[in-house]
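These are the residues of each chain, in order.
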Amino acid sequence: MKYRKLGRSGLQVSEVSFGCMSLAAGEASSVRLLQQAFDKGVSFFDTADLYDKGENEKLVGQAFKEMRDQVVIATKGGNQWRPDGSGWDWNPAKRYLLGAVEKSLQRLQTDYIDLYQLHGGTLDDPIDEVIDAFEQLKQQGKIRHYGISSIRPNVIREYVQRAGITSVMMQYSLLDRRPEESCLDLLQEHHIGVLARGSLAQGLLAGKAPKAYLNYTSAEVEKAAGVVAEKAGGAHTATSIAVRFVLQNPAVTSAVLGIRTPAQLNAALQAAAAPPLPADVLQALQQAVPATVYEQHR
């Protein structure tokens, strides 16, 4: 496993990291899977208080309570579950975020969070209040670093200009190259790490039956997946090609892969071990389908 520094922080994170959202709640097998990933070199684990109403954070806390200082734990806040459990509402208020962190710390069985992320964001938010909350938590030692999880260029620009964010988590893949046009160069210029999610485009780049995705038709998705499959072989699987495409953008620090099963973990580890893509393969992938741009929140 190779490691990269996340933004301007001192955090060293694995190139391929563990997205915890889909783990089965309350299952000993989920805890074992997290520990197996750690044993194989995965150092960065991403969760959120929203996932399974906090149960996902509990899994991560249980898995790493005996090795807390050896892993990088990231979680997110800003989505508040309704009392009746029927759904959640966006709440970026300072008071709410300060309380949400306390609950996350309890579930994670830790006294600090390595990376605390705003789980969304709009221009209508009290952004200065959000930043104040993050900075207060950082001064108190309850979080080490903070960032945002967003695909909105206008929101990302505001936090780049006004906050000391360490990272931005965003969707990025061969079938979602929108960040290339508006975000990746900006973040690299400001030494802010990119945590890329959705690298496999819901599995469409790794063998799942083609379907329409974002602005791409089913036929375009099939074409892109076909190029990925055609280039697979030797040290590269379809999964590793899709992941390496993302990691070869210099702005990207880590590919956060959703992992739920041992097979998915093995595929992620194979991608981590795979060599960089040759220039001709990278070019073929880039030419497979036209790159799209963000149409909203520009």
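This one's a predicted model, so the numbers in the text were calculated from it and none came from an experiment.

Q: I'd love a proper account of the overall build of the chain, names of residues and values included.
A: Along the chain, the regular secondary structure elements total 11 helices and 12 strands. Against the 2.2 N^0.38 benchmark of 19 Å for 298 residues, the chain shows a C-alpha radius of gyration of 19 Å, consistent with a compact globule. With the principal axes as the frame, the chain shows a C-alpha extent of 50 × 40 × 40 Å. Within the chain, residue pairs in contact and separated by at least 24 positions form 74% of the contacts whose partners lie at least 6 positions apart. Carbon and sulfur atoms form 47% of the exposed surface of the chain, whose accessible area is close to 12,900 Å². Averaging the coordinates of the 32 positive side-chain charges in the chain and doing the same for the 32 negative ones gives two points 2 Å apart.

Q: Please provide a residue-by-residue account of the environment of Val60, values included.
A: Assignment of secondary structure puts Val60 in helix α2 (residues 55-64). Taking the relative accessible area as the measure of exposure, Val60 reaches 0% and is therefore buried. Here the alpha-carbon distance between Val60 and Leu108, two residues 48 residues apart in the chain, equals 6.3 Å. Those residues in contact with Val60, other than ones at most four positions away along the chain, are Cys20, Leu34, Thr47, Ile73 and Leu108.

Q: Report on the packing of aromatic side chains, specifying residues and quantitative values.
A: When we look at a pair of aromatic rings, we describe it by the centre distance and by the angle of the planes. Taken as a whole and judged by the stated rule, the model has 7 aromatic pairs. Here the aromatic residues Phe18, Phe38, Phe45 and Phe64 are joined through ring pairs into a cluster of three or more. Note that Arg68 overlies the ring of Tyr112, its terminal NZ or CZ placed 4.1 Å from the centroid. For Arg144, the ring lying beneath its charged end belongs to Tyr112, and the centroid distance is 3.7 Å.

Conventions we followed
Residues numbered from 1 in each chain as written. Predicted model: local features only at pLDDT ≥ 70, side-chain atom pairs only at ≥ 80, totals over all residues. Heavy atoms only, no water. Helix = DSSP H or I, 4+ residues; strand = E, 2+ residues; numbered from the N terminus. Rg over C-alpha atoms; globule rule 2.2 N^0.38 Å. Contact = heavy atoms within 4.5 Å. Areas by Shrake-Rupley, 256 points an atom, 1.4 Å probe, with all protein chains shown as cover. Lys, Arg positive; Asp, Glu negative; His and termini not counted. Charge placed at Lys NZ, Arg CZ, Asp CG, Glu CD. Buried < 20%, exposed > 50% of the residue type's maximum accessible area, 1.4 Å probe, protein only. Phe/Tyr/Trp six-rings, centres within 6.5 Å; stacked < 30°, edge-to-face > 60°. Lys NZ or Arg CZ within 6 Å of the ring centre and 35° of its normal.

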